[in-house]
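Structural features, examined
Letter by letter, the chains look like this.
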Amino acid sequence: MAYTCKTLVLDEILEKADKEIPLSKEEIVFLLCLSDKKEIKKVNETACKLRKRYFGNKIFFYGFVYFSTYCKNDCAFCFYRKSNTKTIRYRKKAEEIVETAKRLADSGVHLLDLTMGEDPVFFSDDYKGFEGLLDIIRSVKDKTGLPVMISPGVVPEELLRKFKEAGVDWYACYQETHNKKLYEKMRLYQSYELRLLRKKTAQKMGFLIEEGILTGIGDTSEDVANSFEIMKDLNADQVRVMSFVPQKGTPMDGWSTPTRLRELLIIAAMRLVFPDRLIPASLDVDGLKGLRDRLLAGANVVTSIIPPRAGFAGVSQSSLDIEEGNRTVNGALPVLKNCGLIPADKIDYISWIRKRQEQNRI
Ligand code: SAM
Ligand code: MD0
Ligand code: SF4
């Protein structure tokens, strides 16, 4: 069935969301079609009310450590796709990774997200390259005491088990879209089913999982509402949306980035549908200047914190705000304050993830 932007009654939808009654696909599509400022404000207010119910006024911070930008894949949207000759390639040494993780921990982040392209050096020779990474993870955990998320792409089950044994808490692997036709055009030559299955396998092993979508890649509001449904079935612990940012040297370079209203409405609708989950406000799309709007739409995790002068890149904005020191906890604090929010304590984050792990076991 095709949904259109029908006239439903906004107040009724928001009342339902406030009572945590599941919204229909049609209602989600309706929310995503809003354009009136007063109406959007109402949606944001309900989203923030729900965030407050579960998280008070506390916000979490994730340090981002993109330690290898080599990749064997050719995702159409990505700056680091293997055939892009205009990209920035590096593979960081163990000491640099651990040092950067320590700096991030000292700066007050709650979690470290260790991210890589599907680097052929790691993936070849029966995944032997990952042995060194397991040591790195152990030393990051040992030196920082922080929870760790791993974003390694699609990896075999046995390797996931080793990550778990090394103390990793989260597995992040975004589908980008749950419209299979669109997926095939974005994640070229990569199995949709396998990518989804890995998240389910990781969850069974006791990982918390993050699922995410990109908007502005040809997705419709119906696609987004469908994604919400799949994220719900998946019982993802963290759900995200990011606006597509065109990248030099890629087939999608000539595309435009969607209006930010789209991402902000998706964040707010996500909060209405997933009131108790973690929802990122990524600095990777618009840098620090985009943080306020994302927090006011109901996000509760500032992601893509990257320390200056360390030589690590971002993803959709490979360098924006990094050397200026704006992608830091200190850089974000005034924005939080201005929104009436405060950084959470370390213990708040640990308690949240332990509680979630417990709930997922039952
Ligand atoms: N290689 C692993 C993978 O793809 O799962 C981990 C890499 S993580 C750096 C890649 C994520 O960044 C993608 O899943 C996508 O959501 C986001 N991303 C990549 N290119 C982007 C772009 N041009 N605009 C917005 N987000 C982008
Ligand atoms: C972010 N640059 O949070 C990071 C990245 C990967 N797990 C996360 C997309 O924006
Ligand atoms: Fe590689 Fe990930 Fe970029 Fe795809 S999104 S090209 S898998 S780094």
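Refer to the structure printed above.
Note that this is a predicted model, so its numbers are computed, not measured.

**Notes on helix α2 (residues 25–32)**
Counting buried residues along α2, six of its eight residues qualify, which places the element largely inside the surrounding structure. What α2 keeps buried is the set E27, I28, V29, F30, L31 and L32. Elements that come into contact with the buried residues of α2 comprise α1 (10–18), α3 (37–55), α10 (221–234) and α11 (260–273).

**Let's talk about α11**
For α11, which comprises 14 residues, the first-to-last C-alpha distance of 20 Å matches the rise-based estimate of 20 Å (1.5 Å per residue) to within 8%. α11 sits mainly inside the fold: twelve of its 14 residues count as buried. Every buried residue belonging to α11 is among R262, E263, L264, L265, I266, I267, A268, A269, M270, R271, L272 and V273, and all of these are buried.

**Side note on the pattern of salt bridges**
Within this structure, the stated rule accounts for 31 salt bridges. Taking the shortest distance from any N to any O, the salt bridge between K180 and E193 comes out at 3.0 Å. Placement of K180 in helix α8 (residues 180–186) and of E193 in helix α9 (residues 192–204) is noted, with a sequence separation of 13 residues between them. A salt bridge links D286 to R294, with the shortest nitrogen-to-oxygen separation between them at 2.8 Å. The two residues D286 and R294 agree in class, both being buried.

**Concerning the packing of aromatic side chains**
Evaluation of the coordinates by the stated rule reveals 18 aromatic pairs. With centroids separated by 5.7 Å and ring planes inclined at 40°, the aromatic side chains of F64 and Y66 adopt a geometry described as tilted. Note on Y66: relative accessible area 4%, which makes it buried. With centroids separated by 6.2 Å and ring planes inclined at 75°, the aromatic side chains of Y90 and F312 adopt a geometry described as edge-to-face. Here Y90 is found in the loop between β1 (58–68) and α4 (94–107), whereas its partner F312 is found in the loop between β8 (301–305) and α14 (329–338), with 222 residues between them in sequence. The ring of F123 carries the charged tip of K72 above its face, separated from the ring centre by 4.9 Å. Taking NZ or CZ as reference, K92 lies 4.6 Å from the ring centre of Y90, over its face.

**A word on the site of ligand 1**
Around ligand 1, the surrounding shell holds 20 residues, and the nearest of these are F77, E176, R187, R195 and V245. Take E176: an N or O atom from its side chain is 2.4 Å from an oxygen atom of ligand 1. Its free accessible area being 570 Å², ligand 1 has 94% of it covered by the protein chains. For the shell around ligand 1, the secondary-structure elements that each account for two or more residues are β2 (111–116) and β6 (238–243). A breakdown of the residues in the shell around ligand 1 according to their chemical character gives ten nonpolar, seven polar and three charged.

**Describing the site of ligand 2**
The local shell around ligand 2 consists of F64, D113, T115, S151, Y174, R240, M242, S282, D284, T303, S304 and V315. Between R240 and ligand 2, the recorded distance is 2.9 Å, taken from a side-chain N or O atom to an oxygen atom. Here an oxygen atom of ligand 2 sits 2.5 Å away from a polar atom, N or O, in the side chain of S282. When ligand 2 sits alone it has 300 Å² of accessible area, and the protein chains cover 95% of it. Counting residues per element, the ones that place at least two in the shell around ligand 2 are β2, β6 and β8. Residues of the shell around ligand 2, tallied by class, amount to four nonpolar, five polar and three charged.

**Focus on the nonpolar core**
Residues L133, F163, F228, M270 and L291 are the most contacted members of the largest nonpolar core, which totals 113 residues. Every residue in contact with L133, bar those within four places of it in the chain, is listed here: F67, M116, F122, I150 and F163. Counting residues in hydrophobic clusters, the runner-up holds 15 residues, among them Y62, W170, A344 and Y349.

**A few points about the environment of L159**
Along the chain, L159 turns up in helix α7 (residues 157–165). Setting aside residues up to four positions removed in sequence, L159 forms contacts with Y127 and F130.

**Notes on the pairing of strand β3 (residues 148–151)**
Covered by surrounding structure in β3 are V148 and I150 together with M149 and S151, the residues of both alternating faces. One ladder, built from four bridges, connects β2 with β3; its direction is parallel. Each residue of the ladder has a partner; that of L114, found in β3, is I150. As defined by bridge partners, β3 adjoins strand β4 (residues 170–172) across two bridges and the pair is classed as parallel. Along β4, the bridge assignment pairs M149 with W170. In this fold, β3 hands off to α7, which returns the chain to β4; that crossover is right-handed.

Conventions we followed
- Each chain has its residues counted from 1, following the order in which its sequence is written.
- For naming, the first written chain is A and the first written ligand is 1, with later ones following in the order written.
- Local features are withheld for residues below a pLDDT of 70 in this predicted model, meaning they are given only at 70 or higher, and side-chain atom pairs are given and counted only at 80 or more; totals for whole chains, interfaces and linings count all residues.
- Note that the side-chain values use all heavy atoms of the structure and ignore hydrogens as well as water.
- The buried label goes to any residue with under 20% of its type's maximum accessible area, the exposed label to any with over 50%, and the partly exposed label to all in between, with areas taken from a 1.4 Å probe on protein chains only.
- Each helix corresponds to a stretch of at least 4 residues labelled H or I by DSSP, and each strand to a stretch of at least 2 residues labelled E; elements are numbered beginning at the N terminus.
- Two residues qualify as a contact provided that any one of their heavy atoms is within 4.5 Å of a heavy atom in the partner residue.
- To estimate the expected span of a helix, count its residues, drop one, and scale the result by 1.5 Å.
- Criterion for a salt bridge: a side-chain nitrogen of Lys or Arg within 4 Å of a carboxyl oxygen of Asp or Glu.
- Stacked, edge-to-face and tilted labels apply to pairs of Phe, Tyr and Trp rings (six-membered ring for Trp) whose centres lie within 6.5 Å, assigned for plane angles under 30 degrees, over 60, and everything in between, in that order.
- Remark: a charge is flagged as sitting over a ring if the NZ atom of Lys or the CZ atom of Arg is within 6 Å of the ring centre and within 35 degrees of the ring normal.
- The nearness test applies per residue and asks whether one of its heavy atoms lies within 4 Å of the molecule or strand.
- Two N or O atoms form a polar contact when they lie within 3.5 Å of each other; inside protein one atom must be a possible hydrogen donor and the other a possible acceptor, and for residues adjacent in sequence the pair counts only when both atoms belong to side chains.
- Here the open area of atoms and residues is found with the Shrake-Rupley method and a 1.4 Å probe, where only the protein chains shown may cover a residue.
- Three classes are used: nonpolar for Ala, Val, Leu, Ile, Met, Phe, Trp, Tyr, Cys and Pro, charged for Asp, Glu, Lys and Arg, and polar for all others, with Gly counted as polar.
- To qualify as a nonpolar core, a set must consist of buried Ala, Val, Leu, Ile, Met, Phe, Trp, Tyr and Cys residues joined through side-chain atoms within 4.5 Å.
- Strand pairing requires that DSSP identify at least two bridges connecting the strands.
- Handedness rule for crossovers: strands pointing away from the viewer, path from the first strand over the helix to the second running clockwise, crossover right-handed.

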